[in-house]
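Per-entry structural report
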Amino acid sequence: MPFLIAIGVILILGLVFGPSLWVRHVLKKHGADRPDLPGTGGELARHLLDELKLTDVRVEVTDKGDHYDPADRTVRLLPQHHDGRSVSAVAVAAHEVSHAVQHAREEPAFMRRIDMVKQLVWVHRLAMMVLLILPWTGLWGHSPALALLNLGAVIALLGISVVVHAVTLPVEYDASFNKALPVLEGRRYLSEQDMPAARSVLKAAAYTYVAAALATLLNIARWARILR
Ligand SMILES: [Zn+2]
């Protein structure tokens, strides 16, 4: 029986943390400095946006993960992608620019995703509130059952975020493989030899949100335990 429990724990840990470890591994693996590339990720993003006549979309550095912000119409890249010359920097920049394209064209799946993410902010706030109440229920009520119920509520709320990101995966795939990949391939921003690496980075970029949401799931569970 303890053997089965151990296997179960390993499976759950793999399922929860595996995807984000894989995303990080792929980005790091292809993140080596490549002075032979024509420009940094930030420069490529600016160049592509200008070519697409999306001159009002800004490109900024962030420490909060690569993303496109539809509210500010801004592509934000991590320092190593904004200022770095690597296959990861170039592929991630092309991926985020693709979201700006989806937004400019008001593609239905992308617009639906904006709505869903807005809802997610509320899910997140609600989950954090429950999480703050959680330690008090343990202290005051001395009722593990109630605390467990609270924890269940938090995980359920955050589980919704995993589902929403999974549902919007087609939007991510479209950004990576219908938009970014043809641009990188057709315009020869990367050489033939670099394309397999670029494909892996584009795949990792597509799974970033699902992976992050999964990892948060267990983080919250861990936090809840510490707080009690
Ligand atoms: Zn994306």
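Every value quoted in this text rests on a predicted model; they were computed, and no experiment measured them. (Residues numbered from 1 in each chain as written. Predicted model: local features only at pLDDT ≥ 70, side-chain atom pairs only at ≥ 80, totals over all residues. Heavy atoms only, no water.)

Tallying secondary structure elements over the chain gives eight helices and three strands in all. Written out in order from the N terminus, the α and β elements of the chain read α-α-β-β-β-α-α-α-α-α-α. Expressed as lengths along the three principal axes of its C-alpha atoms, the size of the chain is roughly 65 × 40 × 25 Å. Put simply, the chain has 228 residues, and 45% of those count as buried. Counted over contacts in the chain with a minimum sequence separation of 6, partners at least 24 positions apart contribute 70%. When the accessible surface of the chain is totalled, it reaches about 12800 Å², and 66% of it is carbon and sulfur. (Helix = DSSP H or I, 4+ residues; strand = E, 2+ residues; numbered from the N terminus. Buried < 20%, exposed > 50% of the residue type's maximum accessible area, 1.4 Å probe, protein only. Contact = heavy atoms within 4.5 Å. Areas by Shrake-Rupley, 256 points an atom, 1.4 Å probe, with all protein chains shown as cover.)

A word on the coordination of the zinc ion. Around the zinc ion, the protein contributes the donor atoms H95 (NE2), H99 (NE2) and E172 (OE), at 2.0 to 2.1 Å from the metal centre. For the zinc ion, the single-chain donor residues occur in sequence as H-x3-H-x72-E. With H99 in helix α4 (residues 87–104) and E172 in helix α7 (residues 169–186), this residue pair connects regions lying 73 residues apart in the sequence. In terms of burial, H99 and E172 fall into one category: buried. (Donors = N, O, S within 2.8 Å, 3.2 Å for Na, K, Ca; no water.)

Counted by the stated rule, this structure contains one cavity of 30 Å³ or more. Taken as a whole, the largest cavity holds about 30 Å³ of empty space. Around the largest cavity sit D66, H95, E96, H99, E172, A205, T208 and Y209, which together line it. Listed by contribution, the elements that provide at least two residues to the lining of the largest cavity are α4 and α8 (195–227). Across the lining of the largest cavity, the residue classes tally to two nonpolar, three polar and three charged. (1 Å grid on protein atoms, 1.4 Å probe; cavity = no way out; pocket = protein on both sides within 12 Å on 5 of 7 lines; lining within 4 Å. Points joined across faces, edges and corners; volume = space filled by probe spheres on them. Nonpolar A, V, L, I, M, F, W, Y, C, P; charged D, E, K, R; others polar.)

Before going further, it helps to spend a moment on helix α6 (residues 144–167). Between its terminal C-alpha atoms α6 stretches 34 Å, which fits the 34 Å expected from 24 residues at 1.5 Å a residue. Residues of α6 that are buried include every one of A147, N150, V154, L157, L158, S161, V162, V164 and H165, and no others. (Expected span 1.5 Å × (residues − 1).)

Taking 1.5 Å of rise per residue, the 18 residues of α4 would be expected to cover 26 Å, and the 26 Å separating its terminal C-alpha atoms lies within 8% of that figure. Within α4, 17 of the 18 residues are buried, leaving the element largely enclosed by the surrounding structure.

A word on the side chain of H81. Take H81: it is sitting in helix α3 (residues 79–82). Setting aside its immediate chain neighbours within four residues, H81 contacts L27, T40, G41, G42, D66, S88, A89 and V92.

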